[in-house]
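Residues per chain, in single letters:
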Amino acid sequence: MFGFSLTKLLFTVAVIMIVWYGFKWLGRVQAQRNAEVKGKPADSGRKTPRGAATAQVEDMVECATCGSFVPARGATNCGQAGCPYIG
Ligand SMILES: [Zn+2]
């Protein structure tokens, strides 16, 4: 009975130690990343909080027939005769 409980206790301690060191390691990695971000000379990424969104902006092209701007990729037909886009 006692031996079983001791094993359980040791196992619990081992799990706690693993979790503890895991969090410590994670904190160190995060601190390292923060230091890298702070160390960067170009700080423009912070001034534009939607920097990630601007990376996904699509190019717009003007339709030769109707003059409306449509995304260069996946452009759809505006419904007017002679529209170069299909869809
Ligand atoms: Zn068009």
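Note that the structure is a prediction, hence the values are computed from the model and not measured.

A. Representation of the overall build of the protein. The number of helices and strands found in the protein is 3 helices and 2 strands. Looking at the protein as a whole, 6% of its 87 residues qualify as buried. With an accessible surface of roughly 7,900 Å², the protein has 63% of that area assigned to carbon and sulfur atoms.

B. How the structure looks around the coordination of the zinc ion. Around the zinc ion, the protein contributes the donor atoms Cys 63 (SG), Cys 66 (SG), Cys 78 (SG) and Cys 83 (SG), at 2.3 to 2.5 Å from the metal centre. If you look at the zinc ion, its 4 donor atoms make angles of 82 to 173 degrees with each other, and the shape they trace is square planar. Sequence spacing of the donors to the zinc ion: C-x2-C-x11-C-x4-C. Here the residue Cys 66 occupies a position in the loop between β1 (60-62) and β2 (69-71), and Cys 78 occupies one in the segment after β2, the gap between them amounting to 12 residues.

C. Spatial organisation of the environment of Phe 69. One can find Phe 69 in strand β2. For the pair Phe 69 and Asp 59, spaced 10 residues apart in sequence, the C-alpha separation works out to 9.6 Å. Residues contacting Phe 69, with those up to four places away along its chain left out, are Met 60, Val 61 and Glu 62.

D. Main features of the environment of Gly 82. As for its placement among the helices and strands, Gly 82 is situated in the segment after β2. Along the chain, Gly 82 and Thr 65 lie 17 residues apart, while their C-alpha atoms are 6.3 Å from each other.

E. Structural detail: the nonpolar core. With 5 residues, the main nonpolar core is built from Cys 63, Val 70, Ala 75, Cys 83 and Tyr 85. With near-sequence residues (within four places) excluded, Cys 83 lies in contact with Cys 63, Thr 65, Asn 77 and Cys 78.

F. Quick peek at the environment of Cys 66. For Cys 66, a relative accessible area of 25% puts it in the partly exposed group. Sequence separation of Cys 66 and Gly 82 is 16 residues, and the distance between their C-alpha atoms is 8.8 Å. Beyond its immediate stretch of four places on either side in the chain, Cys 66 contacts Cys 78 and Gln 80.

G. Representation of a nonpolar patch on the surface within the structure. On the surface, a cluster of nonpolar side chains totalling about 750 Å² of accessible area is made up of Leu 6, Leu 9, Leu 10, Val 13, Met 17, Trp 20 and Tyr 21. The topology assignment puts Trp 20 in helix α1 (residues 2-39).

Cut-offs and rules
Residues numbered from 1 in each chain as written. Predicted model: local features only at pLDDT ≥ 70, side-chain atom pairs only at ≥ 80, totals over all residues. Heavy atoms only, no water. Helix = DSSP H or I, 4+ residues; strand = E, 2+ residues; numbered from the N terminus. Buried < 20%, exposed > 50% of the residue type's maximum accessible area, 1.4 Å probe, protein only. Areas by Shrake-Rupley, 256 points an atom, 1.4 Å probe, with all protein chains shown as cover. Donors = N, O, S within 2.8 Å, 3.2 Å for Na, K, Ca; no water. Tetrahedral: all angles 85-135°; square planar, octahedral: opposite > 155°, others 65-115°. Contact = heavy atoms within 4.5 Å. Core = buried A, V, L, I, M, F, W, Y, C linked by side-chain atoms within 4.5 Å. Patch = residues over 30% accessible without salt bridge, like charges linked within 9 Å, V, L, I, M, F, W, Y side chains within 5 Å. Salt bridge = Lys/Arg side-chain N within 4 Å of Asp/Glu carboxyl O.

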